[in-house]
Amino acid sequence: MPSPGFRTTSELWLEVAWWVGVGALALTMLIALQIIVLRMAARRRQVRDHAMTQTWRPVLNAAMLGEVPANLPRLAARDMMSFLTLWLHLQQSVRGAAGQELNTIAYRLQCDALARRLLARGNRAERVVATLVLGHMQDRSAWDDLLREARELDSAASILALWALVQIDAAQAADTLALPLLRRTDWPLAQLATILQEQRNTWEPALARALGTVEPARLPDALRLLAALRLDLPQAVLQQMLGHDDPDVVAAALRLATSPEALPQVRAHIAHADWRVRVQAARALGPLGNREDVPRLQELLADRQWWVRYRAAQALASLPFLRPAELESLAAGDRFAADIMRQVLAEQAAA
Amino acid sequence: MSGMALYLLMVHTLTPVIVVYFILLNGAYLALNVLSIIALQRRSREAILDSLPQVYSGLEPPISLLVPAYNEEATIAASVRSMLQLSYAELEIIVINDGSKDSTLAVLIEEFGLQPFPEAYRVQIATKPVKTVYRSLRYPNLRVIDKDNGGKADSLNAGINASRYPLFCGVDADSILQRDSLQKLVRPFLTDVTMVATGGTVRVANGCTVSGGFLTKVGLPSNPWALFQVVEYLRAFLFGRLGWSVVNGMLIISGAFGLFRKQTVIEVGGYRPNTIGEDMELVVRMHRLLRQRGQRYRIEFVPDPVCWTEAPEDRATLRNQRIRWQRGLAESLASNWGLMFSRRGGVPGWLAFPFMMLFEWLGPVVELGGYFFMAFAWVLGAISWEAFGTFLFLAVGLGILLSASGLLLEEMSFHIYPRRRQLLMLGLVVVVENFGYRQLNSWWRLVGLWRWLRQKESTWGAMTRKGNWQRKV
């Protein structure tokens, strides 16, 4: 049979296949070229960064020890971002006078003006770096721009702007941003707690006030933030939260119930229908409770939820007047109670 | 119609079908590639944040690290020791000894000073019986569950039962993790309350230098099988998973390293025992059930190279691994048909699932069938040499393009092979793997499909590990 070549019905398809193959080959060549270009650019950047670090790290290290040189090396504009990144890392690792000395260098290089310019007109990466620089330099003249940045939707950039504002003026930042902060759902609680930790006392009244006006849906997270900051809520506010209809709010408020005045309400929640509330009530009773609370906690040892049993056993074990033998006898009537008590006592012994 | 005419008609009908399939398959991957480029560009804007001082408070959600182990006596101690050094504020490590026949448990008891512990073990997901729970005297955050053999999925379920924390991370006992891997994997959970799972990028550890359980220097393997897999992993993770993650359609989170919201996993029933691809099956089931409920959720991929694994270096082990993977894929799709084109299926049901069906599940049948069919047609004279050559040119050309784009994504983002020689070697592999290796892979996947059809019982995968990285500790 003679070779038929491309038959009419499949000719078109094979022609398509040929041209797609040619296109793939051309694209592959383009990709190879782009990889080479990227690699060369990365190499150039690496060399430049290395040279900048070699020059400036000794200068900044000396400055942190209080030895600011009279004449600073020249810093090319294109190396500015790398320099600021290095400067920020050093700032992050020091406290007090060393940080001020780094600021002195930054002022001499007019980094404040540059950072303000970048904050107003830079791309995202530049704005983020500028935000951190201005925060460390406590540059009050950048307040409005930083405030605008903190109100942006960009979660990562805005929370850094909040950090900068707290560094510049914690009290004013608290007055301005306490409510927006509690309203935002995208700022990670863990990061907020870190940012506010050192200024917790300054922020305490503003956060307590904001709690009164924030939407109910945001209350649980707001209370969790207060608990993470180990803040004490005014008793009236705490009682209001402990009496809230939403179990999420009550459970979060119970984390803040650390004073004896809250004891009656904590006890009232021991039999709450929602197990998350019972867990927190059992936990709160550990440090707050007395002999009267032993039967309540004993009842929770047989709760259907593991975490409630566990926290109740921990609470009982933390009561100073109960010995291990008494604890074991309290749990003796129920297999689940006995199991959990054995575990908690073993944990205590191992600690 | 004569037999020859019928035969020619078949050839002329099937030729365009095969050509179109190859174009569609590679076109779909290229579309994923474009999505990945967008995601990586977005990430590169975030990269500046990675290079800046981090705001870590120690208040990130605590994580339970679950390490299922079966006959891992050679590597388990070093693995656990490196996991104990991970940089994360609150972490518990639970090793689940799944009835190992070797001395895995004895090694753990000896190395970490384990003592039986009266744990009030709670059964949230049914598993094979737990014999003893041990707790380390030296490391309070380390526990070992010794249980009857039930497979990897069963072990993970036992680990979930014993875990205390709201997030759990399943890790293969032989994985090498980056010290900050958990910090990276947990980030999406911090900013999005609807996040239910995140998966990290797994890279090939062969050829790298490992010290103290951590990877200290990235290198390329000299073994050709492992070298091919380096490029395969780039393709699979950098545009396979990242592309789907952009549209919330990722159906696979590698069992080697994935972080899950425990409550959600318990609600969907935990890992399905007696499956090979328990990692993929769980993710597909999560999509199916969460979509059925109309619950808002996200499953995200973290492209940073956070986990390194030892790739097989011999043909037999690689073959077994690929057969298992294909069986796992088939099981995962077959047990979750309900997701496909379901009313609330969204991207997973209307795009990702059909894609997996058409290109990953049926892929080896059509790919190998295509090669054989075209070759026979040419040998029997039904098509010309030019036509056959064109088909090969298309198949190989598109294959090279896909691998090259994986390499481009790596160069754009992480740049972890910085030496010129490494780049040249990878460039060479990108081309060479298309002449035999990929076709061999398709054959193994076809065998996997066949075995799935025969429904053979699943067991732990036996993997011949060289463990070179262990010896370098």
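About the criteria used
- Residues numbered from 1 in each chain as written.
- Chains lettered and ligands numbered in written order.
- Predicted model: local features only at pLDDT ≥ 70, side-chain atom pairs only at ≥ 80, totals over all residues.
- Heavy atoms only, no water.
- Contact = heavy atoms within 4.5 Å.
- Buried area = accessible area lost by both parts, 1.4 Å probe.
- Salt bridge = Lys/Arg side-chain N within 4 Å of Asp/Glu carboxyl O.
- Polar contact = N/O pair within 3.5 Å; in protein donor to acceptor, adjacent residues only side chain to side chain.
- Helix = DSSP H or I, 4+ residues; strand = E, 2+ residues; numbered from the N terminus.
- Buried < 20%, exposed > 50% of the residue type's maximum accessible area, 1.4 Å probe, protein only.
- Pairing = 2+ DSSP bridges.
- Domains from an automatic or database assignment.
- Nonpolar A, V, L, I, M, F, W, Y, C, P; charged D, E, K, R; others polar.
- Axes fitted to C-alpha atoms, helices over the stretch in contact; angles between N-to-C directions.
- Parallel < 35°, antiparallel > 145°, perpendicular 65-115°, else oblique.
- pLDDT = per-residue confidence, 0-100.

Our focus in this paragraph is the interface of chain B and chain A. Contacts between chain B and chain A engage 55 residues on the former and 58 residues on the latter. Carbon and sulfur atoms supply 74% of the area buried between chain B and chain A, which totals about 4900 Å² over both sides. At the junction of chain B with chain A, the criterion picks out two salt bridges. Across the salt bridge formed by Glu411(B) and Arg39(A), the nearest N and O atoms sit 2.8 Å from each other. Here chain B is connected to chain A by eight residue pairs in polar contact (both at pLDDT 80 or more). Of all the secondary structure elements, the ones that give two or more residues to the side of chain B that touches chain A are helix 1 (3–50), helix 5 (181–191), helix 12 (385–413) and helix 13 (420–432) of chain B.

Here we come to the pairing of strand 5 (residues 142–147) of chain B. Remember that side chains alternate between the two faces of the sheet whenever the strand is regular. Residues and elements named next belong to chain B. Of all six residues in strand 5, six are buried; the element is thus mostly enclosed. Side chains Leu142, Val144 and Asp146 project from strand 5 onto one buried face, and the interleaved Arg143, Ile145 and Lys147 project onto a second face that is buried too. Sheet topology note: the strand 2 (residues 91–98)/strand 5 ladder contains six bridges and is parallel. Bridge assignment links Ile94 to a residue of strand 5, and that residue is Arg143. As paired elements, strand 4 (residues 130–136) and strand 5 share five bridges and run antiparallel to each other. Paired with Val133 across the bridge in strand 5 is Ile145. Between the end of strand 4 and the start of strand 5, which pair antiparallel, lie five residues.

Right, let's talk about the pattern of salt bridges for a bit. All names here are of chain A. Applying the stated criterion across every chain yields a total of 41 salt bridges over all chains. As a salt-bridge pair, Arg276 and Asp274 come within 2.7 Å of each other at their nearest N and O atoms. Judged by its relative accessible area of 35%, Arg276 is partly exposed. With a relative accessible area of 15%, Asp274 lands in the buried category. Connected via shared salt-bridge partners are Arg267, Glu292, Asp293 and Arg296.

Residues and elements named next belong to chain B. In terms of domain boundaries, chain B breaks down into domain 1 (3–31 + 358–454) and domain 2 (62–347). Here the C-alpha centroids of domain 1 and domain 2 sit 31 Å apart. Between domain 1 and domain 2, the contact holds 33 residues from the first and 31 residues from the second. For the domain 1 and domain 2 pair, buried surface summed over both sides reaches about 3100 Å², with 74% attributable to carbon and sulfur atoms. Of the charged contacts, one joins Arg235 and Glu433 as a salt bridge, the two residues approaching to 2.7 Å between their closest N and O atoms. Taken together, the connections running from domain 1 to domain 2 amount to nine residue pairs in polar contact (both at pLDDT 80 or more). Elements with a minimum of two residues in the side of domain 1 that touches domain 2: helix 10 (346–361), helix 12, helix 13 and helix 14 (437–454). If you tally residues by element for the side of domain 1 that touches domain 2, the top one is helix 14, at 11 residues. Class assignment of the residues belonging to the side of domain 1 that touches domain 2 gives a composition of 20 nonpolar, seven polar and six charged.

Bringing the environment of Leu91(B) into the picture now. All names here are of chain B. Topologically, Leu91 is positioned in strand 2. For Leu91, a relative accessible area of 9% gives the class buried. Distance from Leu91 to Ser155, taken between C-alpha atoms, is 19 Å for residues 64 residues apart in sequence. Setting aside residues up to four positions removed in sequence, Leu91 forms contacts with Ile63, Leu65, Met83, Leu86, Asn141, Tyr165 and Leu182.

Next up on the list: the packing of helix 15 (residues 275–288) of chain A against helix 17 (residues 306–318) of chain A. All names here are of chain A. At a minimum axis distance of 8 Å, the contact between helix 15 and helix 17 shows a crossing angle of 10°. Comparing the axis directions of helix 15 and helix 17 gives the class roughly parallel. Residues Trp275, Arg278, Val279, Ala282, Arg283, Leu285 and Gly286 of helix 15 touch helix 17, and the partners they reach there are Trp307, Val308, Arg311, Ala312, Ala315 and Ser318. Residues of the contact of helix 15 with helix 17, tallied by class, amount to eight nonpolar, two polar and three charged.

Let us look at the confidence of the model for chain B. All names here are of chain B. Averaged over all residues, the pLDDT of chain B equals 88, while 93% of them reach at least 70. Put simply, helix 15 (residues 468–471) is where chain B has its lowest mean pLDDT, 49, and strand 5 is where it has its highest, 97. Scored as a complex, the prediction yields pTM 0.86 and ipTM 0.83.

Turning our attention to the sheet that holds strand 6 (residues 167–171) of chain B. Adjacent strands of a sheet pair through backbone hydrogen bonds, lying either parallel or antiparallel. All names here are of chain B. Judged by pairing direction, the sheet is mixed, and its 10 strands sit side by side in the order 3-4-5-2-1-6-11-8-12-7 without closing on themselves. Single-partner strands in this sheet number two, and they are strand 3 (114–116) and strand 7 (176–177). Of the strands in this sheet, strand 1 (63–69), strand 2, strand 3, strand 4 and strand 5 touch helix 3 (residues 104–112), which is tilted by about 155° from strand 5.

Our next topic: the pairing of strand 1 of chain B. Residue and element names in this part refer to chain B. Of all seven residues in strand 1, seven are buried, a share of seventy percent or more. Burial along strand 1 is two-sided: Ile63, Leu65, Val67 and Ala69 facing one way and Ser64, Leu66 and Pro68 facing the other are all buried. Inspection of the sheet shows strand 1 paired to strand 6 by four bridges, in the parallel sense. Residue Leu65 lies in a different strand from strand 6, and its bridge partner there is Cys169.

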